[in-house]
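Structure at a glance
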Amino acid sequence: MSVDLIDEHVYEQTMKNKVLPSLARCSHEGWMDSCQPGDKDSFRSDIPNEDTGDPHKRLHYVCYSASEFQDATPTHVMARYRGAIVISHGFSEFGRKYEELTWYFLMAGYSVCILDHWGHGLSGRGVDDPNLVWVDNWERYVADLAGFCTQVAQTYAGEHPVYLYAHSMGAAIGARMLERFPDIIGKAVLSSPMIEPKTGHMPLAALAAADAACAVGMGEKPVPGFHPFDANLDMSKYKHGSLARVEWAHKLRVGQTRYQTSQVTYQWIKEALQMCRELMRPDQCAQVEAPILLFQAEPDRFVLPKAQEKFAAQVRDGGCEVELVKVPNSMHELYEMPNAVLGPYLDRIFSFFEQPYALLNDEASGEAGD
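Calculation rules
Residues numbered from 1 in each chain as written. Predicted model: local features only at pLDDT ≥ 70, side-chain atom pairs only at ≥ 80, totals over all residues. Heavy atoms only, no water. Helix = DSSP H or I, 4+ residues; strand = E, 2+ residues; numbered from the N terminus. Buried < 20%, exposed > 50% of the residue type's maximum accessible area, 1.4 Å probe, protein only. Contact = heavy atoms within 4.5 Å. Expected span 1.5 Å × (residues − 1). Core = buried A, V, L, I, M, F, W, Y, C linked by side-chain atoms within 4.5 Å. 1 Å grid on protein atoms, 1.4 Å probe; cavity = no way out; pocket = protein on both sides within 12 Å on 5 of 7 lines; lining within 4 Å. Points joined across faces, edges and corners; volume = space filled by probe spheres on them. Nonpolar A, V, L, I, M, F, W, Y, C, P; charged D, E, K, R; others polar.

1. So, the overall build of the chain
Broken down by element type, the chain carries 11 helices and 11 strands. Scored against the burial criterion, the 370 residues of the chain give a buried share of 56%. Sequence-distant contacts in the chain: of pairs separated by 6 or more residues, those separated by 24 or more amount to 81%.

2. Comments concerning helix H7 (residues 243-255)
The end-to-end C-alpha separation of H7 is 18 Å, in line with the 18 Å expected for 13 residues at 1.5 Å each. Looking only at H7, the buried set comprises Ala-244, Arg-245, Val-246, Trp-248, Ala-249, His-250, Leu-252 and Arg-253. Where H7 is buried, its residues touch helix H1 (11-24), helix H3 (99-107) and helix H11 (339-354).

3. A look at the environment of Glu-354
With respect to the element layout, Glu-354 can be found in helix H11. Looking at Glu-354, the relative accessible area reads 32%, which means it is partly exposed. In the structure, Glu-354 is positioned 167 residues away from Lys-187 in sequence and 9.9 Å away in space, judged by C-alpha atoms.

4. Brief notes about the nonpolar core
If you look at the biggest cluster of nonpolar residues, it comprises 71 residues, and the most contacted ones within it are Ile-185, Trp-268, Ile-292 and Phe-311. Tallying contributions element by element places helix H4 (residues 138-157) first for this core, with 10 residues. The residues contacting Trp-268, other than those within four sequence positions of it, are Phe-91, Val-133, Trp-134, Val-135, Tyr-141, Met-169 and Met-194. One finds Phe-69, Ile-114, Val-189 and Ile-349 within the second-largest nonpolar core, a separate group that totals 50 residues.

5. Looking at the layout of surface pockets
Space inside the largest pocket adds up to approximately 1300 Å³. Lining the largest pocket are 47 residues, with Phe-91, Phe-226, Ser-262, Val-264 and Phe-302 positioned closest to its centre. For the lining of the largest pocket, the element with the highest residue contribution is helix H8 (residues 266-279), accounting for 5 residues. Taken as a whole, the second largest pocket encloses approximately 210 Å³ of empty space. Lining the second largest pocket are 15 residues, with His-60, Val-62, Tyr-64, Arg-96 and Glu-99 positioned closest to its centre. Contributions of two or more residues to the lining of the second largest pocket are made by H1 and strand S2 (58-64). When residues in the lining of the second largest pocket are grouped by element, the largest group, 4 residues, is from S2. Here the residues of the lining of the second largest pocket sort into 9 nonpolar, 3 polar and 3 charged.

Just geometry here; none of it tells us what the structure is for.
Structure (structure tokens):
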């Protein structure tokens, strides 16, 4: 399907006057308890908004109903209902950053469910400094996402599939979930997945250094090279990106302290690298059953492409369908690219979700816009 994109020249006006009011009429906010690591069934997904509970254990989410969206939107939006898409966001991100993407998914007939991962957005984080990202165990991320998919998103999907759209760290979490719980997701889009992050060191050396720092009580300390949130936007970090989209997301961060996570802790580095090692094991890759569409940004300043390619090859060797799409002259955050790139990117995603499974083998690789 062809996506009617927001005009970047009037982006902020369109978001404020059209997109956000429509989203507000079909959104449902909720809270759940974070899982015990490794157990997707260990959380409550029905915590009332007024129940404060333990703020360090609560996770925030928001879901958007496709049927309610169509009821509240002009009559030309008549896409048939196709299921629910779970969005798994990246490091230092939050659910609201994906409101434009949510709009496009709703227009196409999908309900959308977004969880603020542990340590991000309005969810609990275990540390008081809003700049820091810390997690006690990487399996918490995976169990939380799996539980959210089965106990929240599935209620929106009904008898239709639950799909996954996952970016960067969220794609690493999603990939590991596909291995651990292969029957949850119908199809998965992994966009710039953090199969192996760029650390400046060999992975084993970086893991050993992070482990040593944690062993001497520095697990909650920031890793050198990462800085507190800066309200001044530096567009040089977003080469090739859409100025309108990057500015919009930055203003969201400026306006909400809990969106200003920006510093990595030693414990997070340790857990992230351990998660990446685990999901790259060939025997684990062979457990994946959901067809995957993997987007690789060229260049990417945060993750390593060869690891993505190796992961795709290992999943394919295990018998699962994987399509690897390279996006040249792009940046890590592919969903914040200008319309000329974003359009083909979204077209590829919708085509992937809609096409019969048997046809996926016909395209093992390519470039966005082919």
